Amino acid sequence: MINSRSADSVIVLDFETTGLSPAQGDRAIEIGAVKLEHGQVVAHFQQLMNPGFRVSSFIENYTSISNNMLRTAPCCEDVMADFADFIGDANLVAHNASFDQRFLTAELDIIGRQYREQFACSMLIARRLYQHAPNHKLGTLVEYKHIHHDGVFHRALADSEMTARLWLTMIDDIKHQYGINDIPFSLMQKFAKTPKANINKVFC
DNA sequence: TGCCAGGCCCTCTTTAGGGCCTT
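Residues numbered from 1 in each chain as written. Chains lettered and ligands numbered in written order. Predicted model: local features only at pLDDT ≥ 70, side-chain atom pairs only at ≥ 80, totals over all residues. Heavy atoms only, no water.

Undergrad: Please explain the pairing of strand β3 (residues 40–48) as it appears in this structure.
TA: Two faces belong to every sheet, and in a regular strand the side chains alternate between them. Here 8 bridges tie strand β2 (residues 28–37) to β3, and the two strands are oriented antiparallel to one another. If you follow K35 over to β3, its bridge partner there is A43. Linking β2 back to β3 in an antiparallel pair, the connection comprises 2 residues, with H38 at a positive phi of about 55 degrees. (Pairing = 2+ DSSP bridges. Helix = DSSP H or I, 4+ residues; strand = E, 2+ residues; numbered from the N terminus.)

As structure tokens, then:
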């Protein structure tokens, strides 16, 4: 069963998009992902994609992805077909996963594909594990945990790499804190959804 | 014209409201 797999064998992904809501017509403009097997990076995926309309100046400034860069990029449908093949039957992780899950579902719906995998949210876990962090934005958590980064933010591959390092850091911290050797993906999902008052019961 | 999401979580809560996160 997929959920019995170890939490350190997942695909960590991040979308850059034209806005916040596919229901309002927003589309993906970049996908980045890191494949982890037993805590090691074994593959990357990164691709710009042309949403079929110009992105706003806010998005150009926020992501450093310009309309000129997108003009020659392949369309979303072609990129997402390749990405669906890349994720296969892996479990998935993203920071604020509800956002990326909405776009993944919407973009795969357009090409008649589906993902069967489970999704876990690194932000929900960080809120429980690092309750004293200044906040739980990805960039803040990377600094808070002294996680290596190259200074690039709000690009899909860079953010997915940082999220992957944060994910593995949280797994290590949970292992040390609760004295366990291996954490199933399903237990991380349970941790993410458990009320803070009860989180110590999840790994005991 | 003006507006525009949504799930989670906390509290001055649960017959609600608002901040946090993502682009």
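Moving on from the coordinates now.
Undergrad: Just checking my understanding: could you explain the pattern of salt bridges for this structure?
TA: Summed over all chains, the structure comprises 7 salt bridges. A salt bridge links R27 to E107, with the nearest nitrogen and oxygen atoms 2.9 Å apart. Within this pair, whereas R27 is found in the loop between β1 (11–17) and β2, its partner E107 is found in helix α4 (residues 97–110), the two being separated by 80 residues in sequence. Given the relative accessible area of 15%, R27 is considered buried. The exposure class of E107 is buried, given its relative accessible area of 2%. Put simply, D85 and R113 hold a salt bridge, and the shortest N to O gap is 2.9 Å. Of the two residues, D85 sits in helix α3 (residues 76–87) while R113 sits in the loop between α4 and β5 (119–121), which places them 28 residues apart along the sequence. On the accessibility criterion, D85 (54% relative accessible area) is exposed. The class of R113 is partly exposed, set by a relative accessible area of 30%. (Salt bridge = Lys/Arg side-chain N within 4 Å of Asp/Glu carboxyl O. Buried < 20%, exposed > 50% of the residue type's maximum accessible area, 1.4 Å probe, protein only.)

Undergrad: Even after reading the chapter, I still don't get the nonpolar core, so can you show me in this structure?
TA: Where a protein is soluble and globular, its nonpolar side chains tend to be buried together. With 33 residues, the main nonpolar core has L36, Y130, W167, M170, I174, M188 and F191 as its most contacted residues. Those elements that place two or more of their residues in this core are β2, α5 (122–129), α6 (138–144), α7 (156–178) and α8 (185–193). Beyond its immediate stretch of four places on either side in the chain, M188 contacts A7, I125, W167, I171, I174 and I183. (Core = buried A, V, L, I, M, F, W, Y, C linked by side-chain atoms within 4.5 Å. Contact = heavy atoms within 4.5 Å.)

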